[in-house]
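A look at the structure
Here is what each chain is made of, one letter per residue.
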Amino acid sequence: MDSSAACLSESIIFKGLEAQDIDTLVPLFSRRAVVPGEILAQSGHNTQFFFLLEEGVLLVAMEEGRAVVLNRPGDFAGLSMVSLNGKNTATITALEKGAVWVVSCQDILDLTSHDSQIGAIIMDGWQQFCEEKAPFCSNKN
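Residues numbered from 1 in each chain as written. Predicted model: local features only at pLDDT ≥ 70, side-chain atom pairs only at ≥ 80, totals over all residues. Heavy atoms only, no water.

This next bit is on the overall build of the chain. When its secondary structure is counted, the chain shows four helices and 10 strands. When the helices and strands of the chain are listed from N to C terminus, the series reads α-α-β-β-β-β-β-β-β-β-β-β-α-α. For a compact globule of 141 residues, the expected C-alpha radius of gyration is about 14 Å, and the chain comes in at 14 Å, within 12% of that figure. The C-alpha extent of the chain, read off along each of the three principal axes, is 40 × 30 × 25 Å. Contacts in the chain between residues far apart in sequence, at least 24 positions, make up 71% of those at least 6 positions apart. As presented, the chain carries roughly 7000 Å² of accessible surface, and 50% of it is formed by carbon and sulfur atoms. Averaging the positions of the 9 positive and the 18 negative side-chain charges in the chain gives two centres separated by 8 Å. (Helix = DSSP H or I, 4+ residues; strand = E, 2+ residues; numbered from the N terminus. Rg over C-alpha atoms; globule rule 2.2 N^0.38 Å. Contact = heavy atoms within 4.5 Å. Areas by Shrake-Rupley, 256 points an atom, 1.4 Å probe, with all protein chains shown as cover. Lys, Arg positive; Asp, Glu negative; His and termini not counted. Charge placed at Lys NZ, Arg CZ, Asp CG, Glu CD.)

Now the structure itself:
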């Protein structure tokens, strides 16, 4: 299993998917090294990408002074945590040297907007992730 598939399999969001479903998602992701202080997404800018943490630490600074620290492999900076109506609602900053898997926000939104088993599993995983990491995001869809 390559490292992107391993990271997807570790993630609460994608953990419920079958191995063949993970394999179909792998080509959507590309690996990117990050350094401390690097800004991956800026609040107010158009949302282009979501980020799946492989290693390191990310700070997701949201509106109203809310923030989430992502520090486990498979943590996901995406969906309602960082974006609304195509605009970033959070600034995502690398706090430590590490690596993320970058995916087009449109690819994830396409997966989750269709009435499919894959979409339902991802959204169930997303709700579970939010309940654990950012309960104030879990009711936003």
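On to the sheet that holds strand β5 (residues 67-70). Strand order across the open sheet formed by four strands is β2-β9-β4-β5, with antiparallel pairing between neighbours. With one partner strand each, in any of the chains shown, β2 (39-41) and β5 form the two edges of the open sheet. For this sheet the average axis-to-axis angle between neighbouring strands, irrespective of direction, equals 20 degrees. Note that strand β4 (residues 58-62) and strand β9 (residues 90-94) share five bridges and pair antiparallel. (Pairing = 2+ DSSP bridges. Axes fitted to C-alpha atoms, helices over the stretch in contact; angles between N-to-C directions.)

So, about the sheet that holds strand β10 (residues 98-104). Reading across from one edge, β1-β10-β3-β6 is the order of the four strands in this open sheet, with antiparallel pairing throughout. Lying at the two open borders of the sheet, with one neighbouring strand each, are β1 (29-34) and β6 (76-77). Bridge count for strand β3 (residues 49-55) against β10 is six bridges, and the pairing is antiparallel. Bridge pairing in β10 links Leu53 to Val100. Against the sheet, helix α1 (residues 3-10) contacts β1, β3 and β10, and its axis sits at roughly 95 degrees relative to β3.

Attention now moves to unusual backbone geometry. Although it is not a glycine, Glu64 adopts a positive phi angle of roughly 60 degrees. When you line up the elements, Glu64 lands in the loop between β4 and β5. A positive phi is found at Leu79, a non-glycine position, where the angle reads about 50 degrees. Secondary-structure assignment places Leu79 in the loop between β6 and β7 (83-84). Residue Leu79 is classed as buried on the basis of its relative accessible area, which comes to 9%. (Buried < 20%, exposed > 50% of the residue type's maximum accessible area, 1.4 Å probe, protein only.)

Here we take up the pattern of salt bridges. The full count for this structure, using the stated rule, is six salt bridges. A salt bridge links Arg72 to Asp75; the nearest nitrogen and oxygen atoms lie 3.2 Å apart. Its salt-bridge partner being Arg72, residue Glu132 comes within 3.5 Å of it at the nearest N-O pair. A residue pair is termed long-range when its members are at least 10 positions apart, and Glu132 in helix α4 (residues 117-133) and Arg72 in the loop between β5 and β6 qualify at 60 residues. (Salt bridge = Lys/Arg side-chain N within 4 Å of Asp/Glu carboxyl O.)

What follows covers the packing of aromatic side chains. Applying the stated criterion across every chain, the model contains five aromatic pairs. Relative to Phe129, the ring of Trp126 has its centre 5.7 Å away and its plane inclined at 35 degrees; by these criteria the two rings are tilted. Of the two residues, Trp126 and Phe129 are both situated in helix α4; the distance of three residues between them amounts to about one turn of the helix. Given the relative accessible area of 1%, Trp126 is considered buried. Ring-pair connections join several aromatic residues into one group, and the members of that group are Phe14, Phe29, Phe50, Phe76, Trp126 and Phe129. (Phe/Tyr/Trp six-rings, centres within 6.5 Å; stacked < 30°, edge-to-face > 60°.)

Purely geometric stuff here, so don't read any function into it on its own.
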